[in-house]
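Here is what each chain is made of, one letter per residue.
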Amino acid sequence: MTNNIEEKIKHVLSDPTLSAIKTALEKDHAIECLFMLYIDKGKWKNAQDFTTQNGLTISATTFRARMIEFEKQGLAKSEIIDPLKRYYVKTELGEKAANLMLELFEKIEKQP
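The sections below set out a description of the structure shown in this document. (Residues numbered from 1 in each chain as written. Predicted model: local features only at pLDDT ≥ 70, side-chain atom pairs only at ≥ 80, totals over all residues. Heavy atoms only, no water.)

## Looking at the environment of Leu18
Position of Leu18 relative to the elements: it lies in helix α2 (residues 16–26). Relative accessible area serves as the criterion here: at 34%, Leu18 is assigned to the partly exposed category. C-alpha separation for the pair Leu18 and Gln73, spaced 55 residues apart in sequence, amounts to 9.1 Å. (Helix = DSSP H or I, 4+ residues; strand = E, 2+ residues; numbered from the N terminus. Buried < 20%, exposed > 50% of the residue type's maximum accessible area, 1.4 Å probe, protein only.)

Structure follows, in structure tokens:
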């Protein structure tokens, strides 16, 4: 069994697609951005309002950087508002990733 787990871990760490998603999720505010994408806060103004209301801070630059990365990994897609602004929406993969991340935190919280 240990060998099987080790092989799974090696696969996640070496597979180009999975490794790229892992790297994207390791960055500053990536989980917050993934959750905001999940609840349709993919426009900077909406994300900024959400973070402010919840006592969180994130810069516009960080938000946009994470969304661009998520788009490259297939977790989000962008819709152009005007030449300088984009609105990001979750993809099926992005929804699945956010849902699994949320489940992970719920399971951790329920641990004694």
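From this point, the discussion proceeds with the structure in view.
## Topic: the nonpolar core
Counting 17 residues, the largest nonpolar core has Cys33, Met36, Leu37, Ile58, Phe63, Met67 and Phe70 as its most contacted members. Elements that contribute at least two residues to this core include exactly α3 (30–38), α4 (44–53), α5 (60–73) and α6 (92–110). Sequence-distant contacts of Met36, defined by excluding residues within four places in its chain, comprise Lys41, Gly42, Ala47, Phe50, Thr51, Ile58 and Phe63. (Core = buried A, V, L, I, M, F, W, Y, C linked by side-chain atoms within 4.5 Å. Contact = heavy atoms within 4.5 Å.)

## A closer look at the side chain of Ser78
For Ser78, the location among the structural elements is in strand β1 (residues 76–82). At 2.8 Å, the side chain of Ser78 and the side chain of Glu71 are in polar contact. For Ser78, the side chain forms a polar contact with the side chain of Arg86, separated by 2.9 Å. Excluding anything up to four places from it in sequence, Ser78 contacts Glu71, Arg86, Tyr87 and Tyr88. (Polar contact = N/O pair within 3.5 Å; in protein donor to acceptor, adjacent residues only side chain to side chain.)

## Points about the layout of surface pockets
Approximately 340 Å³ is the volume found for the largest pocket. Every element with two or more residues in the lining of the largest pocket is listed here: α2 and α6. When residues of the lining of the largest pocket are assigned to their parent elements, the largest contribution, six residues, is made by α6. Taken together, the residues that form the lining of the largest pocket break down as ten nonpolar, no polar and two charged. Each pocket or cavity is described by its volume, and for the second largest pocket that value is around 180 Å³. Lys43, Trp44, Lys45, Phe63, Arg64, Ile68, Ile81, Leu84, Lys85, Arg86 and Tyr88 together form the lining of the second largest pocket. Those elements giving two or more residues to the lining of the second largest pocket turn out to be α4, α5 and β2 (85–90). When grouped by side-chain class, the residues that make up the lining of the second largest pocket number six nonpolar, no polar and five charged. (1 Å grid on protein atoms, 1.4 Å probe; cavity = no way out; pocket = protein on both sides within 12 Å on 5 of 7 lines; lining within 4 Å. Points joined across faces, edges and corners; volume = space filled by probe spheres on them. Nonpolar A, V, L, I, M, F, W, Y, C, P; charged D, E, K, R; others polar.)

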